[in-house]
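Report on the structure
The lines below spell out each chain.
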Amino acid sequence: MSRRFTRKLFCALLLIHGAAVRAAEPETFEAYDSPLADAPRVAVYDDYGASSESVRSFKMFLQHHNYSYVTVNAKTVLSGVLNPAVHTFFYMPGGGSMRLGSLLGPRGASLIMKYVENGGGYLGICAGAFYAAARAEGISDTTHKRDVYPLGIGLFDGIAVDGTQLGEPGFKNGLVDFELTVPRNGVKDFKGLLIGGPGFRYEQAFAQSHQLRVWATFKLARLPAVISYRYGRGRV
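To start, this report covers the structure provided alongside it.

Definitions and cut-offs
Residues numbered from 1 in each chain as written. Predicted model: local features only at pLDDT ≥ 70, side-chain atom pairs only at ≥ 80, totals over all residues. Heavy atoms only, no water. Buried < 20%, exposed > 50% of the residue type's maximum accessible area, 1.4 Å probe, protein only. Core = buried A, V, L, I, M, F, W, Y, C linked by side-chain atoms within 4.5 Å. Contact = heavy atoms within 4.5 Å. Salt bridge = Lys/Arg side-chain N within 4 Å of Asp/Glu carboxyl O. Helix = DSSP H or I, 4+ residues; strand = E, 2+ residues; numbered from the N terminus.

Further remarks concern unusual backbone geometry. The phi angle at N66 is positive, at roughly 60 degrees, despite the residue not being glycine. In this structure N66 comes out as partly exposed when scored by relative accessible area, which is 24%. For Q211, which is not a glycine, the phi torsion comes out positive at approximately 50 degrees.

The structure is reproduced here in structure tokens:
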């Protein structure tokens, strides 16, 4: 992904770091072909467990910037549709953290990881970020306890933390204070809508070996809120 495209995606992340967002009711297209010949093409996941608002809002963002997209579901992912030569990245939306991706199973997880490893990109919002993580804290039946347990597919070899359930400082469902790692146009602090989205914990060795970058943090908890890193030939 180009630097310009990454910056625009980051702006989208600031707006939709949660399972639902405030947005108008746009017409929902199964696919959109950009008039720009070199436009990125995005595979947008929409199936059981996905938030319709998270899907619709991201499609609005893609159309606004003239990026092509195609809607995929568990059946099409399991058929092997994801291809780095065709899809710039795969978008896993917010929704139900314990349900999202349940139809994909181990084979779907393996196909997604292989797609990224071979040069594709993965963008996970809220539940989509939990789905990528090897471990989680705070969203299982042990809610409000400090148990760390296996959850997602291991694309992120770290812990996705539901700070809202755990009562971490600055976490809540609503507008939350974030801090940019690198100020933009003189702005460092901002507010974003959070509905159960995670912060991230990881070992420094993972950060170094995958060239991990923190774009923004939860201001009070000091946990990374938006991260990117290399995975094989692809990026997350």
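After that view of the structure, there is still more to cover.
To continue, consider the nonpolar core. Counting residues in hydrophobic clusters, the biggest one holds 51 residues, and the most contacted among them are Y45, F90, I112, Y122 and L155. Those residues in contact with I112 that sit more than four places away from it in its chain are V77, L82, F90, L104, Y122, Y131 and I153. Of all hydrophobic cores here, the second largest spans 16 residues; its members include V176, L180, F190 and V226.

Take the pattern of salt bridges next. Under the definition given, this model contains 9 salt bridges. One salt bridge in this structure joins R135 and D157, with 3.4 Å as the shortest N-O distance. Here R135, found in strand β6 (residues 133-137), pairs with D157, found in strand β8 (residues 156-161); they are 22 residues apart in sequence, far enough to count as distant. Residue classification places D157 among the partly exposed residues on the basis of a relative accessible area of 40%. The salt bridge involving K191 is made with D177; its shortest N-O contact spans 2.6 Å. Remark: D177 occurs in strand β9 (residues 174-184) and K191 occurs in strand β10 (residues 187-194); sequence separation between them is 14 residues. When its relative accessible area of 54% is taken as the criterion, K191 is described as exposed. The class for D177 is partly exposed, based on a relative accessible area of 34%. Taken together, the shared-partner salt bridges in this structure form one network comprising E137, E168 and R201.

On their own, these measurements won't tell you what the molecule is for.
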